[in-house]
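# Residue-level structure breakdown
One-letter residues, chain by chain:
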Amino acid sequence: MPKPEYEFFDVEKIPYTPCAGVVPALTERVLAADDAAGTATRILHFEPGTDTTPNGVQVHDFWEEVYIVSGSLTDLELGETFTAGMYACRPPGMRHGPWRSDEGCTTFEVRYRTGSP
């Protein structure tokens, strides 16, 4: 089923739920999704002190665009910290993470597929 049609609504009405993996301090608020296509729009939240090392390096078969709304996170493989106002556009197959967020971090993310990688 394709992503649903929504007019503006208060996203606070959608609860945060645990993300896939084994890091309970990493949660998501899925705003819209098409599970069959594997696409989604979500808000991702790292509680202060979150370390996603147990989830390992991430590699997806979809495009992923991420905007850091607040806080910061450090890509432990790159050894780089990214802060509020920064943006990433990751094509399928791009390695990223694992992440650590000492102060906490909230991101806005869109995942989608195209006809070619």
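Quantities reported herein were computed from a predicted structural model and do not represent experimental measurements.

Criteria and cut-off values
Residues numbered from 1 in each chain as written. Predicted model: local features only at pLDDT ≥ 70, side-chain atom pairs only at ≥ 80, totals over all residues. Heavy atoms only, no water. Helix = DSSP H or I, 4+ residues; strand = E, 2+ residues; numbered from the N terminus. Rg over C-alpha atoms; globule rule 2.2 N^0.38 Å. Buried < 20%, exposed > 50% of the residue type's maximum accessible area, 1.4 Å probe, protein only. Contact = heavy atoms within 4.5 Å. Areas by Shrake-Rupley, 256 points an atom, 1.4 Å probe, with all protein chains shown as cover. Salt bridge = Lys/Arg side-chain N within 4 Å of Asp/Glu carboxyl O. Patch = residues over 30% accessible without salt bridge, like charges linked within 9 Å, V, L, I, M, F, W, Y side chains within 5 Å. UniProt positions renumbered as here; feature names shortened; annotations may be inferred.

Scanning the chain for helices and strands turns up 0 helices and 9 strands. Listed by position from the N terminus, the elements making up the chain come as β-β-β-β-β-β-β-β-β. Against the 2.2 N^0.38 benchmark of 13 Å for 117 residues, the chain shows a C-alpha radius of gyration of 14 Å, consistent with a compact globule. Counting over 117 residues, the chain shows a buried share of 36%. Pairs at least 24 residues apart make up 65% of the contacts formed inside the chain by residues separated by at least 6 positions. Surface accessibility of the chain: about 6,900 Å² in total, with carbon and sulfur atoms responsible for 58%.

The tally for this structure, following the rule as stated, stands at 9 salt bridges. A salt bridge links Glu12 to Arg29, with the nearest nitrogen and oxygen atoms 3.6 Å apart. Within this pair, whereas Glu12 is found in the segment before strand 1 (17–18), its partner Arg29 is found in strand 2 (residues 26–34), the two being separated by 17 residues in sequence. A residue is classified by how much of its surface remains accessible, and Glu12, at 56% relative accessible area, is exposed. Look at Arg29 and you get buried, because its relative accessible area is 6%. With its nearest N and O atoms 2.6 Å apart, the salt bridge here joins Arg95 to Glu77. Of this pair, Arg95 sits in the loop between strand 7 (87–90) and strand 8 (99–101) while Glu77 sits in the loop between strand 5 (63–75) and strand 6 (80–83), placing them 18 residues apart in sequence. Judged by relative accessible area, Arg95 falls into the partly exposed class, the value being 48%.

The grouping of Tyr67, Val69, Tyr87 and Phe108 at the surface amounts to a nonpolar patch, some 400 Å² of accessible area in total. Inspection of the secondary structure assignment puts Val69 in strand 5. For Val69, a relative accessible area of 47% translates into the label partly exposed.

According to UniProt, the "domain: ChrR-like cupin" (unreviewed entry) feature falls on residues 9–108. Along residues 9–108, the helical share is 0% and the strand share 49%, with 16 Å between the first and last C-alpha atoms.

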